[in-house]
Amino acid sequence: MKRMIKQLLSLLVILFTIQAQAMDVVELKQENSNKVVVKIRFTNGSIADPADKAGLTYATASMMAQGGAGGISYSDIQDMMYPWAASYDVFTDKQVTTFTFQVPVAFIDKFYPLIKNVVLSPDFTEKDFSRVMKEQQNYVDQVVRASSDEDYSKYALEHQLFRGGNMQHLKQGTSASVKTITLDDIKSHYQNVFTNHNVMLGIAGNYSDELLNKLKADLAKLSDKAYTPPVPSKARQAEGIEIEIISKENAFGSAIFTGAPLGITRADDEFAALMIANSWMGEHRKSYSRLYQKIRETRSMNYGDYSYIEWYSDGGSNQLPPSGVPRASSYWSIWIRPVQIASQLQSQYPELADVKIGHAHFALRLAIREFDLLIKNGMTAEDFAATKTFLRSYTKLYAQSPAEQLGWLMDSRFYGRTDYLAELDALLAGTTLEQVNKAIRKHWQTKNMFVTIVTDDSEAKPLADSLINNTPSPMSYSNLVKSGLPAEILAEDEVVANYPLNVKKVTIVNSADTFD
Amino acid sequence: MKTIIMAIAMGFTLIASLSTANADPTVAQADKILPYPIYQHKMANGLNVVTVPFDSPGLASLYIITRVGARNEVEPGVTGFAHFFEHMMFRGTDKYSKEEYGAALKSTGAAANANTSQDRTVYHMTGNSDMLDLMFELESDRFMNLKYSEHDFKTEAGAVKGEYTKNFASPYNQIDEKLSETAFNTHTYSHTTMGYFDDIVDMPNQYEYSKKFFDRYYRPEYNTVLVVGDVTPEKVNALAEKYFGAWKRGEYKSVVPVEPEQTETRYVHLQDGSIPAYFSMNFKGPAFSDSNIDMPALDVLASIVFSNTSDLYKKLVIDEQVVRFIGGGAADSRDPGLFTIAVSMVDKKDMPYVLAEIEKAIAKVKTEGVDPALLERTKSNLKYRFAMGIDTPEAIAESLSHYIQLTGDPESINRLYAMYDQVTADDVKMVANKYLNQDQLTIATISDDELGVLK
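Residues numbered from 1 in each chain as written. Chains lettered and ligands numbered in written order. Predicted model: local features only at pLDDT ≥ 70, side-chain atom pairs only at ≥ 80, totals over all residues.

Counting secondary structure elements, chain B contains 16 helices and 11 strands. Taken over C-alpha atoms, the radius of gyration comes to 23 Å for chain B, in line with the 23 Å a tight globule of 455 residues would show. On the principal axes, the C-alpha backbone points of chain B span a range of 65 × 55 × 35 Å. Sorting the 455 residues of chain B into buried and exposed places 52% on the buried side. (Helix = DSSP H or I, 4+ residues; strand = E, 2+ residues; numbered from the N terminus. Rg over C-alpha atoms; globule rule 2.2 N^0.38 Å. Buried ≥ 20, exposed ≤ 12 C-beta atoms within 10 Å, placed from the backbone.)

Here it is as structure tokens:
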């Protein structure tokens, strides 16, 4: 009898496990933690926007996270959470939307109904709609163009790379599309793309099994509509180097981003090999990488220069790559932070009173030449070994807090992995120099790229002429810097200034006309 | 309400009991906001060494807090120098050339960087705790023996100009520069940490001054070494003695001019229509103190009157929807700084109305004080928010370094949060009357108008 009960019990456990597997769940129990972190992720993102309603997924998610829910107004929800210092927010990216809830363990039971309401019973009131949409409209009309020329150039580069596809538009939409979004659109989009078929649950910290089971059971009550996430469009192959110069009033410098399609992601083992090459060339915010050394450290041209083999969110603020932005459609890119424009150089140094263009053309040539040299010569054994050792330590820093650890685990699933950071370490450990150099040659080329430059209206035309004509662009140093530069740097400058780029098209776009 | 307060009390008990798991039993930790003991070791040369063991297997953060920032830029023509100097700290020594330094830093596999603000410069590394020996060696070598060529010095100035150039794209940074020089006439808070552009362009000419700057401030008495993570105080203290023991104390003390009393409202405006219209109200506030009630009371006031649960926020942002964002608070600073209320508008025409609503909210606190129940809820919020935020060595080190910059003593964090507990409704009323007055106010505006519309 006792044995039978045991068998029955184990059968129940198995049954329960099978049922639980229907929903993708990531667990990270940390019994010493003083908090509970819940992440609820939907595989939708801005690529799930209907063609004529760009920004709808973002708007729907914002309405859920910044509006009333369960019949409780947004203000009252804020009031309830205030003494607990509990919080929640949402982050919409191109392919996923992630809600993150955090609460001290002591208040999880009181907080739970709010989690449930936000996800299952958003109120979608006219009043919240008016506020949330004003903010979104404001962003696409003004804020995106006026906050950071660096981010502006990055978004504009994506716009070029993915033109014509579902990855093209800003996740917030366009000035025209946001105006067309109605509350009914949001209500039906919520039913259509926030469903129990495309939800993933993540939970970390000091939580109980009871809480986890409650979450699973409640998330099963999401819309049951059949939903298949769209396939993200691929980045376009440029025909030669295609450049868009965004002309802006009162820009202080030229902000540059350039990129080309990349066929691999974290899902591919080869990604680790390319990661080593990329880290050596342009590790984000690292002073010892090649581009930084050449452009900033040696030549004093700007604040920093980096390269990427996947999307890097909010690079101006983040020192380490955040979770929550997994993407299946990728490109590699170079970020050249704002360099000087002619009018600034003229006003700063009498000896540069006659310069016609600033440093953008030279900087672009220098960065692309560095890639060409790497593609041609490969990494050295010494650089390879040092970079591999660095990355095996550095990537362990990506996921430190419970929320980030959970986020990275959830991203792992997106790429068909279980614990990407652990798997990455093994992949890095096994990568050889030959594999790295092979990956470089296979995935990087500089003949066909898209480039975006945000610059001052006084600089746009002379820069465009210089780029399309492949005009030599000698580096214009102040005398103070030039007098101390070693001969080999000046010789290299000469080569860079005349380095041919395969520029086939240069377009000047008025800032007001971008993202249309 | 009683239930909420009880729940709050229970929550604190829980946090305290969790925290004691890692605590040194000899240290009474339960009533401190930081649930981990802070070990301090004052070296003979004046260098303070702080260790906070934290359960993060294999991971540690090493922070060096240099209590020098834009505040110390007392001489003319050198605004922005503390920040510039932070850049120079990556330019090598006799032992490690800049290239060798870069390679050694890379070999630690750590996330390393630095930043500067009004009152301090912070150098930080987070990485493998097994690498701590090399991290200490690299840090002590540059802090004691920094050496760079005049050419490297001139070259680095271009990177600072690049930083200014990228920041300039934001109108908020532009108004910040104007606001500083309007709100302060004498004190060095009159310039931003970046410094004036003219001074930045002139930086390459300041090589000799840079050597003086290093000699003055990169001395043990201006610095604190802080390590948080998978470490013991014994190990950290031994490393500090080994690598920083020979560091010689300095003699320099900068005299920062005192800002005279402000006597009337000041105005500053940036004509820029590229972002939604914006204004900020900036009242002269107190200097940070962990023993005077004024700053804790102002922090509580800020949360009650200007946070996203405040009546003002609900009225202007949620209900009337005339404001995109409103927030307020005092910046902790070593000398009296600013209490700022910042507002981003939906439509600039409503600016005078919103200003009047803010003035009404302030007037209400001045006469009626605040609801005692809301006060308790606010205290709870402050404590839990802190507790929720300290879940990595880096987060704890960031938090401690903030208080080390202000007072030199990491225990300030525990004293401040104990002060929050003591804030009364009368205290909040008192600080509103003491600080939030028109003659102490500078109003900054951004709109497409030629002149500010709030004058």
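Past the structure itself, the notes keep going.
The next subject is the overall build of chain A. Along its length, chain A carries 20 helices and 11 strands. Based on the C-alpha atoms only, the size of chain A along its principal axes is roughly 90 × 55 × 40 Å. Residue pairs in contact within chain A that sit at least 24 positions apart in sequence constitute 83% of those at least 6 positions apart. (Contact = placed C-beta atoms within 7 Å.)

What follows is about the sheet that holds strand β3 (residues 87–92) of chain A. All names here are of chain A. In space, the five strands of this open sheet follow the order β1-β5-β2-β4-β3, with mixed pairing throughout. Each end of this open sheet is capped by a strand with a single partner; those strands are β1 (24–29) and β3. Neighbour-to-neighbour, the strand axes of the sheet open up by a mean angle of 10°, direction not taken into account. When β1 meets strand β5 (residues 199–205), the two strands line up parallel, connected through six bridges. Within β5, the position partnered with Asp24 by the bridge is Met200. Contacts between helix α9 (residues 209–219) and the sheet are confined to β1, β2 (35–42) and β5, with β5 contributing the most and set at about 165° to the helix. (Pairing = 2+ DSSP bridges. Axes fitted to C-alpha atoms, helices over the stretch in contact; angles between N-to-C directions.)

Turning to the sheet that holds strand β9 (residues 330–340) of chain A, a few remarks are in order. Residue and element names in this part refer to chain A. With mixed pairing, the six strands of this open sheet are ordered in space as β8-β9-β7-β10-β6-β11. Among the strands making up the open sheet, the edge pair consists of β8 (305–308) and β11 (503–510). Across the sheet, the mean angle from the axis of one strand to that of its neighbour is 15°, orientation sign disregarded. In the packing of helix α11 (residues 290–297) onto the sheet, the strands contacted are β8 and β9, and the crossing angle to β8 comes to about 155°.

With that settled, consider the interface of chain B and chain A. Taken together, the 60 residues of chain B in the interface contact 58 residues of chain A. At the level of secondary structure, the elements contributing two or more residues to the side of chain B that touches chain A comprise α1 (2–19), α3 (98–108), β4 (111–116), β5 (121–128), α5 (150–168), α11 (311–319) and α13 (372–389) of chain B. A per-element tally of the side of chain B that touches chain A places α5(B) first, with 13 residues. Looking at the side of chain B that touches chain A, its residues break down into 26 nonpolar, 21 polar and 13 charged. (Nonpolar A, V, L, I, M, F, W, Y, C, P; charged D, E, K, R; others polar.)

In this section: the environment of A:Glu297. All names here are of chain A. You can see Glu297 is positioned in helix α11. Looking at Glu297, the number of C-beta atoms within 10 Å reads 24, which means it is buried. Linking Glu297 and Pro104, residues 193 residues apart in sequence, is a C-alpha distance of 45 Å.

Residues and elements named next belong to chain A. The buried fraction of β9 amounts to 11 of the 11 residues, a majority that puts the element mostly inside the structure. In terms of strand pairing, strand β7 (residues 253–262) meets β9 through nine bridges, oriented antiparallel. Note on β9: the bridge partner recorded for Leu262 is Ser330. Both β8 and β9 contribute to a ladder of four bridges, which runs antiparallel. The residue bridging Ser307 from the neighbouring strand is Ile334, located in β9.

With that settled, the discussion passes to helix α10 (residues 294–306) of chain B. The terminal C-alpha atoms of α10(B) lie 17 Å apart, and with 13 residues this matches the ideal 18 Å at 1.5 Å per residue to within 8%. With 13 of 13 residues buried, α10(B) lies mostly within the body of the structure. (Expected span 1.5 Å × (residues − 1).)

With that settled, consider the domain arrangement of chain B. The figure often quoted for interface size is the accessible area lost as the parts come together. All names here are of chain B. The domains assigned to chain B are domain 1 (22–244) and domain 2 (266–447). The C-alpha centroid of domain 2 is placed 28 Å from the C-alpha centroid of domain 1. On the side of domain 2, 33 residues touch domain 1, which itself brings 35 residues to the contact. Mapped onto the side of domain 1 that touches domain 2, the elements with two or more residues apiece are β2 (48–53), β3 (59–66), β5, α6 (171–183) and β6 (223–229). No other element matches α6, which puts seven residues into the side of domain 1 that touches domain 2. For the side of domain 1 that touches domain 2, the per-class residue count stands at 18 nonpolar, 11 polar and six charged. (Domains from an automatic or database assignment.)

Before going further, it helps to examine the confidence of the model for chain A. Averaged over every residue, the pLDDT of chain A is 95; the share at 70 or more is 96%. Low confidence marks residues 1–21 of chain A, where pLDDT is under 50. Its contacts with residues over four positions away, or in another chain, come to two contacts. (pLDDT = per-residue confidence, 0-100.)

Let's shift gears to α13(B). Between its first and last C-alpha, α13(B) extends 26 Å over 18 residues, near the 26 Å set by a 1.5 Å rise per residue. What α13(B) keeps buried is the set B:Leu374, B:Leu375, B:Arg377, B:Thr378, B:Lys379, B:Ser380, B:Asn381, B:Leu382, B:Lys383, B:Tyr384, B:Ala387 and B:Met388.

This brings us to the domain arrangement of chain A. Residues and elements named next belong to chain A. Entries for chain A in the domain assignment read domain 1 (22–219) and domain 2 (241–513). Averaged C-alpha coordinates put domain 1 and domain 2 at centres separated by 31 Å. In this complex, domain 1 contributes 34 residues to the contact, which on the side of domain 2 involves 31 residues. Put simply, the parts of the chain that give the side of domain 1 that touches domain 2 at least two residues each are β1, β2, β4 (97–104), α6 (149–161) and β5. For the side of domain 1 that touches domain 2, the element with the highest residue contribution is α6, accounting for 10 residues. Of the residues in the side of domain 1 that touches domain 2, the class split is 12 nonpolar, 11 polar and 11 charged.

Residues and elements named next belong to chain A. A positive phi angle, close to 50°, is found at Phe124, a residue other than glycine. With respect to the element layout, Phe124 can be found in the loop between α4 (108–120) and α5 (126–146). For Phe124, a count of 18 C-beta atoms within 10 Å translates into the label partly exposed. Unusually for a residue other than glycine, Arg285 sits at a positive phi of about 60°. Mapping Arg285 onto the fold places it in the loop between α10 (270–282) and α11.

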